[in-house]
Amino acid sequence: MPSRRFADGEVVMGRWPGSVLYYEVQVTSYDDVSHLYTVKYKDGTELALKESDIRSQSSFKPRKSQSSSSSPSRRSTSRSRSRSPGRPAKGRRRSSSQSREHKDDKKKNIQETNLALLVLDFFCLFFKPSENNTRRYNGEPESTEKNDTSCIILEQKLKPDLEIKRVLEQYSLRPRKEEKKKEEIYSEKKIFETIKTIEKASSKTKELEFGGRIGTFLMIFFLPATVFYLLLMCKQDDPSLLNFPPPLPALESLWEARVFGVFLLWFFLQALFYLLPVGKVVEGLPLSSGRKLQYRINGFYAFVLTAAAIGTLVFFQVELHYLYDHFMQFAVSAAAFSVVLSIYLYIRSLKVPEEELAPGGNSGYFVYDFFTGHELNPRIGNFDLKYFCELRPGLIGWVVINLAMLLAEMKIHNQSTPSLSMILVNSFQLLYVVDALWNEEAILTTMDITHDGFGFMLAFGDLVWVPFVYSLQAFYLVVHPTAISWPAAAAITVLNCIGYYIFRSANSQKNSFRRNPADPKLAYLKFIPTATGKGLLVTGWWGFVRHPNYLGDIIMALAWSLPCGFNHILPYFYVIYFICLLVHREARDEHHCKQKYGLAWERYCQRVPYRIFPYIY
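Residues numbered from 1 in each chain as written. Predicted model: local features only at pLDDT ≥ 70, side-chain atom pairs only at ≥ 80, totals over all residues. Heavy atoms only, no water.

Our next topic: the pairing of strand β1 (residues 11-15). By the bridge criterion, five bridges tie β1 to strand β2 (residues 22-31) in an arrangement that is antiparallel. In the strand pairing of β2, Gly-14 is matched with Tyr-23. Bridge analysis of β1 against strand β5 (residues 54-55) gives two bridges, and the strand direction is antiparallel. By the bridge assignment for β5, Met-13 is matched with Arg-55. (Pairing = 2+ DSSP bridges. Helix = DSSP H or I, 4+ residues; strand = E, 2+ residues; numbered from the N terminus.)

Dropping the structure here:
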């Protein structure tokens, strides 16, 4: 068994993975099986390194310059040669003039070389893996490996030419003046242009999600087709999946200008409520530039005003079941509007600065960036388009559609009161929407706001998928009424309450801890510290499973579908979709957290082994 070379606690120089740069580290432990040293950098980052990647500090001591060690005889010989008495006086005068010119040029070249080296050292120092020097995206440190890679690229680009220039100066080998004027590659402008080019290249999205370019291209057509298929199936007498494909309506029946006008009226009414100067103004997480955007929290007020407007329409006997009669046309109108909005968002994103682009939507591929969203926070003045669409038109519209389905059920089946199943579905989903609007500020820390750009994926999801797919249970019950007993209704209600309690308490713990970890009310929570300065909760709901909020979501989705009975699987599409969606998000969160927290995330996963479902997954 080979003996270890470095002892625990010894301060050495460790090579940063993927680079040729060494930084001061401290040895913390040694694994006899893998023969790897665990070292700790000054910023707290811990990595496992091979012995070949570690050197003692003595090997990095600067060497003495060769010029200082040259022999006196050579220096005297050089001086005697430059002052040969056999040369004429004119030649000596010309030699003296050339010497002064040579000294001036040499001084200028040395200054240019030192400037280039200074910029190179400053760039490497700025991107050194340090918590204080690392650039941040949305309050989260950017990958230090990417920063070091940029530093290495710059060093490899400039260092060979700088070494050549040093040799030329050492042996007084100067290029011709006309060549030197043409090749001023060491100017300050050239160097900073190189740095800018490298920074721009390093900000590109490297890892593509959703199947890359081909997957996102297919999803642009697959998502609308799925919505229209579900709505067509719900209206069939036998909505079995075996009855495929459903009868397709005539194309001219899918579009109605009046319906599109009603949709635009709804959209701009919510925009008007968003602009009202009511509610507090809060700051979001820091952007990559360090700037914090401001958001007005008035979603709940918009919901109250909307409820008052709908109540007024009902009082004046405006028939809301018009939504049910033209449900497919409303879905087509919303889809068309989301496509136009997505095209506008992509065109405007081509003119925004690099730092305002989304980290996950800057791949350089048109289809991928169009789908995922190229710009992170598109705004028209102070009107934030992504933040507005996230909660207002689609989420509040979901509640209005459910109410319209309840009234349509009463009219079609000549009922004086809605069915118990319809009441449960409306009540459960109303609670979910009101909770989201009441806790509107919590959405500012989600990946939709901090990481994802605003493109077709979120525009279609917010304006079409949420209101027309999430209301699937209520739409199904209008055509396929289902009677349930009071004991069954009570059991379903308890299940929904359990899911809601897990969902809300888990999110409250996370949001409170993120905003103020030192809050005395959170003293009972234990966490694992990370190199980013943040902590990973290992008690409470977050010590039970890694994503308890997803667990609560799935339990509630099941409770929303149970009132529809078990005759068909169609009402449970939402549950299946929700599980697939959350598993995808969980996998993305796992990858993101592993990159950001490193060894701390591995320790957290060992402490909390289950992801969503305890003892299962």
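In this numbering, the UniProt entry assigns the feature "transmembrane region" (unreviewed entry) to residues 210-232, 257-276, 297-316, 328-347, 458-478, 484-503, 524-545 and 565-584. For residues 210-232, helix accounts for 91% and strand for 0%, while the C-alpha atoms at its two ends are 26 Å apart. (UniProt positions renumbered as here; feature names shortened; annotations may be inferred.)

The next thing to look at is the environment of Ser-3. Mapped onto the fold, Ser-3 is located in the segment before β1. Placed 29 residues apart in sequence, Ser-3 and Asp-32 show a C-alpha to C-alpha distance of 9.0 Å.

Applying the stated criterion to the full structure yields three cavities of 30 Å³ or more. By volume, the second largest cavity is sized at about 60 Å³. Around the second largest cavity sit Glu-209, Phe-210, Gly-360, Gly-361, Tyr-368, Thr-372, Gly-373, His-451, Asp-452, Gly-453, Met-457 and Arg-588, which together line it. In terms of residue class, the lining of the second largest cavity is built from three nonpolar, six polar and three charged. (1 Å grid on protein atoms, 1.4 Å probe; cavity = no way out; pocket = protein on both sides within 12 Å on 5 of 7 lines; lining within 4 Å. Points joined across faces, edges and corners; volume = space filled by probe spheres on them. Nonpolar A, V, L, I, M, F, W, Y, C, P; charged D, E, K, R; others polar.)

One pass over the structure, following the stated rule, counts 10 salt bridges. Residue Glu-24 pairs with Lys-42 through a salt bridge whose shortest N-O separation is 3.8 Å. Linking Glu-24 in strand β2 with Lys-42 in the loop between β3 (36-41) and β4 (46-49), this pair joins segments that are 18 residues apart in sequence. For Glu-24, a relative accessible area of 32% corresponds to the partly exposed category. Note on Lys-42: relative accessible area 67%, which makes it exposed. (Salt bridge = Lys/Arg side-chain N within 4 Å of Asp/Glu carboxyl O. Buried < 20%, exposed > 50% of the residue type's maximum accessible area, 1.4 Å probe, protein only.)

Moving on to the nonpolar core. In terms of nonpolar packing, the biggest core is built from 129 residues, with Met-405, Phe-468 and Tyr-470 touching the most fellow members. Here this core takes 16 residues from helix α12 (residues 385-412), the largest share from any one element. Domain assignment of the residues forming this core places at least three in each of domain 2 (205-483) and domain 3 (485-616). When neighbours within four sequence positions are excluded, Met-405 is seen to be in contact with Tyr-324, Phe-327, Met-422, Ala-474, Phe-475 and Val-478. (Core = buried A, V, L, I, M, F, W, Y, C linked by side-chain atoms within 4.5 Å. Domains from an automatic or database assignment. Contact = heavy atoms within 4.5 Å.)

Here the focus is the packing of helix α6 (residues 212-234) against helix α16 (residues 472-479). Viewed as axis vectors pointing N to C, α6 and α16 meet at an angle of 25°, and their least axial separation amounts to 9 Å. Looking at the two axes, α6 sits roughly parallel to α16. In this structure, α6 uses Leu-230, Leu-231 and Cys-234 to contact α16, whose residues at the interface are Leu-472, Phe-475, Tyr-476 and Val-479. Partitioned by chemical class, the residues of the contact of α6 with α16 number seven nonpolar, no polar and no charged. (Axes fitted to C-alpha atoms, helices over the stretch in contact; angles between N-to-C directions. Parallel < 35°, antiparallel > 145°, perpendicular 65-115°, else oblique.)

Turning our attention to the environment of Leu-345. Along the chain, Leu-345 falls in helix α10 (residues 327-349). Taking the relative accessible area as the measure of exposure, Leu-345 reaches 3% and is therefore buried. For the pair Leu-345 and Gly-455, spaced 110 residues apart in the sequence, the C-alpha separation amounts to 6.6 Å.

Along its 14 residues, helix α15 (residues 456-469) runs just 17 Å from first to last C-alpha, ending more than 12% under the 20 Å computed at 1.5 Å per residue. Where α15 bends most, at Asp-462, the angle is about 40°. Among the 14 residues that make up α15, 14 are buried, leaving the element largely enclosed by the rest of the structure. (Expected span 1.5 Å × (residues − 1). Bend = angle between axes of the 7 residues up to and from the residue.)

With that settled, the discussion passes to a nonpolar patch on the surface. Taken together, Ile-214, Phe-217, Leu-218 and Phe-221 make up a surface patch of nonpolar side chains, about 460 Å² in accessible area. Tracing the sequence through the fold places Phe-217 in helix α6. On the accessibility criterion, Phe-217 (42% relative accessible area) is partly exposed. (Patch = residues over 30% accessible without salt bridge, like charges linked within 9 Å, V, L, I, M, F, W, Y side chains within 5 Å. Areas by Shrake-Rupley, 256 points an atom, 1.4 Å probe, with all protein chains shown as cover.)

Where helix α13 (residues 420-438) meets α16, the axes come as close as 10 Å, and the angle between the chain directions of the two elements is 165°. Classed by the angle they form, the pair α13 and α16 counts as roughly antiparallel. Note on packing geometry: the crossing formed by α13 with α16 is left-handed. Across the interface between the two elements, Ser-421, Met-422, Val-425 and Gln-429 of α13 pack against Gln-473, Ala-474, Leu-477 and Val-478 of α16. For the contact of α13 with α16, the residue count by class is five nonpolar, three polar and no charged. (Left-handed = near helix turned anticlockwise from the far one by under 90°.)

A word on unusual backbone geometry. Phi is positive for Gln-317, which is not a glycine, with a value near 60°. Checked against the element boundaries, Gln-317 lands in the loop between α8 (299-315) and α9 (322-325). The residue Asn-414 is not glycine, and still its phi comes out positive at about 55°. Turning to its location among the elements, Asn-414 is positioned in the loop between α12 and α13.

So, on to the packing of aromatic side chains. Taken as a whole and assessed by the stated rule, the structure comprises 41 aromatic pairs. Where Tyr-322 meets Phe-330, the ring centres are 6.1 Å apart and the plane angle is 85°; that geometry is what we call edge-to-face. For Phe-330, a relative accessible area of 6% gives the class buried. Geometrically, the ring pair formed by Tyr-501 and Trp-541 is edge-to-face, given 6.2 Å between the ring centres and 75° between the ring planes. (Phe/Tyr/Trp six-rings, centres within 6.5 Å; stacked < 30°, edge-to-face > 60°.)

Spatial strand order, β4-β3-β2-β1-β5: five strands in an open sheet with antiparallel pairing. Whereas interior strands pair on both sides, the edge strands pair on one side only; in this sheet they are β4 and β5. Looking at chain direction, β2 and β3 are connected through six bridges and run antiparallel. What sits directly across from Val-25, in β3, is Tyr-41.

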